[in-house]
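Understanding the architecture of this molecule
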Amino acid sequence: MRITVLCGGPSSEREVSLISGKAVAQGLLDAGHDVFVSDVSPDNLSGLDRPVDVVFPVLHGAFGEDGEIQKILETRGLLFVGSGSVASQLGMDKIAAKSRWKQAGLPTPKWQCVSAMLPVDAWTDPGICVVKAIDAGSSIDVNLCKTPADAQQAIDHLLCKYGQCMIEQFIDGPEITIGLLEGRALPPILIETSHEFFDFQAKYTKGGATHSFDLPLSEILLQRCMTLAERANEILGCRDLARVDLMIDGVTNEPYLLEINTIPGFTPVSLLPEAAAKIGISFSQLVDRLVQMAWGRNPIRGEVRLKQNSLVFAATRSL
């Protein structure tokens, strides 16, 4: 197939996106596809003018994950990998996603939106909290605040930068992430880091964090987390791929949904490809599978194509 890989873009996650795009392009070449890579932006969409069978967006952050590029692709009638514009927009907006999950009865840390019109004086929870941007990824502008003064400083900074932010309850315990492929959970991964938390440097610096499939959690709790991840993905209407991050309360062992990533990383240290490899799906097989899913949405050949490429996830349930 002729595949256009979109990467780069205008967001603060541009450099990570370029690395992800390069890896995806190579994986697709290894799978035998004709691949074209385009560094797109709102002001330069020329890469979409090339005749193509499927578009593979690997644009992290604003314009790529917030539904904007998806709207453009939908308007042009192009088949593309990943969630549609509505689900992408919901997934990028942490408050919108958490609100949907809460309405559905799923556990997520309590939060409050903060802006000039919504001051933080209603927040009464003492101790550590997390102050973060509402629609940024890769842990950019996430602040672990140990005192009210720390929190106020972080809030002031983010209000100046974005005009709004959120303050969120801190859950003290293990962090796990669960990749999803076709809406089904891949093996959970435990995240451990020597940093104060799993921040940008820990995510993308070699040795910044360790990923382990040997989780110190009961089988019942692991299954619950996987079911939560699948349900969180379903509620937002996401498709093809995603990654859900959760925290486990170290005292109660209760899991809490943090956020969803509708275009997770494809760098050499990224988690979704690692989880897929755990059940025997190589990187080139993974990216090929994703373009086949997008191609299968062609109404002329979709039903047959999807049946031909169905995956069995029973292995993930026996971990």
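In the block above lies the structure referred to throughout.
Residues numbered from 1 in each chain as written. Predicted model: local features only at pLDDT ≥ 70, side-chain atom pairs only at ≥ 80, totals over all residues. Heavy atoms only, no water.

1. Quick word on the environment of Arg76
Rules: Counting from the N terminus, the helices are DSSP H or I runs at least four residues long and the strands are E runs at least two residues long. Note on definitions: a residue-residue contact is assigned when non-hydrogen atoms from the two residues lie within 4.5 Å.
Tracing the backbone through its elements, the reader meets Arg76 in the loop between helix H2 (68-75) and helix H3 (85-92). Linking Arg76 and Asp49, residues 27 residues apart in sequence, is a C-alpha distance of 9.9 Å. In contact with Arg76, other than residues within four places in its own chain, are Leu45, Leu48 and Asp49.

2. Regarding unusual backbone geometry
Residues other than glycine seldom take positive phi values, yet Glu182 does so here, at roughly 55 degrees. Along the chain, the position of Glu182 falls in the loop between strand S8 (175-181) and strand S9 (184-185). The backbone phi angle of Asp240 is positive, close to 70 degrees, even though this residue is not glycine. Along the chain, the position of Asp240 falls in the loop between helix H7 (219-236) and strand S12 (241-248).

3. Looking at H2
Definition in use: For every residue, the accessible area (1.4 Å probe, protein chains only) is compared with the maximum for its type, and the residue is labelled buried under 20%, exposed over 50%, or partly exposed between those bounds. This arc is built from the directions going out from the helix axis to the C-beta atoms.
Within the sequence span of H2, burial applies to Ile69, Gln70 and Leu73. The arc that holds the buried residues of H2, viewed along the axis, is 100 degrees, so those residues lie on one side. Among the residues trailing H2, Gly77 stands out with phi positive, at a value near 70 degrees.

4. Here we look at the nonpolar core
The condition is simple: Definition used in this section: a nonpolar core is a set of buried Ala, Val, Leu, Ile, Met, Phe, Trp, Tyr and Cys residues joined via side-chain atoms within 4.5 Å.
Membership of the largest hydrophobic core comes to 29 residues, with the highest contact counts inside it found for Val5, Leu28, Phe56, Phe266 and Leu290. For this core, the secondary-structure elements that each account for two or more residues are strand S1 (2-7), helix H1 (14-30), strand S3 (54-57), strand S10 (189-193), helix H8 (271-278) and helix H9 (283-295). Of the residues forming this core, the biggest block, 7 residues, is contributed by H9. Ignoring any residue separated from it by four or fewer positions in sequence, one finds Phe266 in contact with Ser20, Ala23, Val24, Phe56, Val58, Leu241, Leu272, Pro273, Phe283, Leu286, Val287 and Leu290.

5. Considering H7
To keep it simple, the criterion reads: The span you would expect from a helix comes to 1.5 Å times its residue count less one.
Spanning 18 residues, H7 covers 26 Å between terminal C-alpha atoms, matching the ideal 26 Å at 1.5 Å per step. Every buried residue belonging to H7 is among Leu221, Leu222, Cys225, Met226, Leu228, Ala229, Glu230, Ala232, Asn233, Ile235 and Leu236, and all of these are buried. Of the residues flanking the end of H7, it is Gly237, one or two places downstream, whose phi is positive at about 80 degrees.

6. A few points about the packing of H1 against H9
Two packed helices can be described by the angle between their axes and the distance between those axes. The criterion, for reference: An axis is simply a line fitted to the C-alpha atoms; with a helix, the fit covers only the stretch in contact. Between two such axes, the angle follows the N-to-C directions and lies from 0 to 180 degrees. Our angle categories are set so that under 35 degrees counts as roughly parallel, over 145 as roughly antiparallel, 65 to 115 as roughly perpendicular, and the remainder as oblique. Note on residue classes: Ala, Val, Leu, Ile, Met, Phe, Trp, Tyr, Cys and Pro are nonpolar, Asp, Glu, Lys and Arg are charged, and everything else, Gly too, is polar.
Running from N to C, H1 and H9 cross one another at 90 degrees; their axes reach a closest spacing of 8 Å. Between H1 and H9, the angle is such that the two are roughly perpendicular. Between H1 and H9, the contacting residues are Ala23, Val24, Gly27, Leu28 and Asp30 on the first element and Phe283, Ser284, Val287, Asp288 and Val291 on the second. Looking at side-chain class alone, the contact of H1 with H9 contains 6 nonpolar, 2 polar and 2 charged residues.

7. Side note on the sheet that holds strand S5 (residues 129-132)
So the rule is basically this: The criterion for strand pairing is that DSSP finds at least two bridges linking the strands in question.
On the basis of which strands lie adjacent, the open sheet formed by 4 strands has the order S4-S7-S5-S6 and antiparallel pairing. In this open sheet, the two strands that pair with only one neighbour each are strand S4 (111-115) and strand S6 (142-145). Taking the axes of each pair of neighbouring strands and ignoring which way they run, one obtains an average angle of 25 degrees across the sheet. Sitting on the sheet, helix H4 (residues 94-103) is in contact with S4, S5 and strand S7 (164-169), with an inclination near 150 degrees to S4.

8. Here's the deal with the packing of aromatic side chains
For any two aromatic rings, the description comes down to two numbers: the centre-to-centre distance and the angle of the planes. This is how the line gets drawn: Within 6.5 Å between ring centres, the rings of Phe, Tyr and Trp (the latter by its six-membered ring) count as paired, and their orientation is classed by plane angle as stacked under 30 degrees, edge-to-face over 60, tilted in between.
Per the stated rule, a full pass over the model turns up 2 aromatic pairs. Ring centres of Phe56 and Phe266 lie 5.9 Å apart, and the angle between their planes is 85 degrees; on these two criteria the pair is classed as edge-to-face. Here the residue Phe56 occupies a position in strand S3, and Phe266 occupies one in the loop between strand S13 (255-261) and H8, the gap between them amounting to 210 residues. Comparing Phe56 with Phe266, the two get one shared label, buried.

9. Things to note about empty space enclosed by the protein
Put simply, the rule reads: In this analysis the probe radius is 1.4 Å and the grid spacing 1 Å, with only protein atoms considered; a cavity is a set of points the probe fits into but cannot get out of, a pocket is an open set with protein on both sides within 12 Å along at least five of seven lines, and lining residues have an atom within 4 Å of a point. Grid points are joined across faces, edges and corners, and a volume is the space filled by probe spheres set on the points.
Across all of its chains, the model carries 3 cavities of 30 Å³ or more by this definition. Roughly 80 Å³ of volume is contained in the second largest cavity. Those elements that provide at least two residues to the lining of the second largest cavity are H3 and S13. With 3 residues, S13 is the largest single contributor of residues to the lining of the second largest cavity. Looking at the lining of the second largest cavity residue by residue, the class counts come to 3 nonpolar, 4 polar and 3 charged.

10. Remarks on the pattern of salt bridges
Spelled out, the test is: One side-chain nitrogen of Lys or Arg within 4 Å of one carboxyl oxygen of Asp or Glu is enough to make a salt bridge.
Here the structure, examined in full by the defined rule, presents 14 salt bridges. Linking Asp141 and Lys161 is a salt bridge whose minimum nitrogen-to-oxygen distance equals 2.8 Å. On the criterion of sequence distance, the pair formed by Asp141 in the loop between S5 and S6 and Lys161 in helix H5 (residues 148-162) is long-range, its members being 20 residues apart. Residue Asp245 pairs with Arg243 through a salt bridge whose shortest N-O separation is 3.2 Å. Connected through shared salt-bridge partners, Lys98, Lys132 and Glu168 make up one network.

11. Some remarks on the sheet that holds S3
Within the open sheet, the 3 strands sit side by side as S2-S1-S3. Their pairing is parallel. Of all strands in the sheet, those with a lone pairing partner are strand S2 (34-39) and S3, marking the two edges. In this sheet, neighbouring strand axes are inclined to one another by 25 degrees on average, regardless of whether the strands run parallel or antiparallel. Across the sheet, H1 touches S1, S2 and S3, and the angle it forms with S1 is around 165 degrees.

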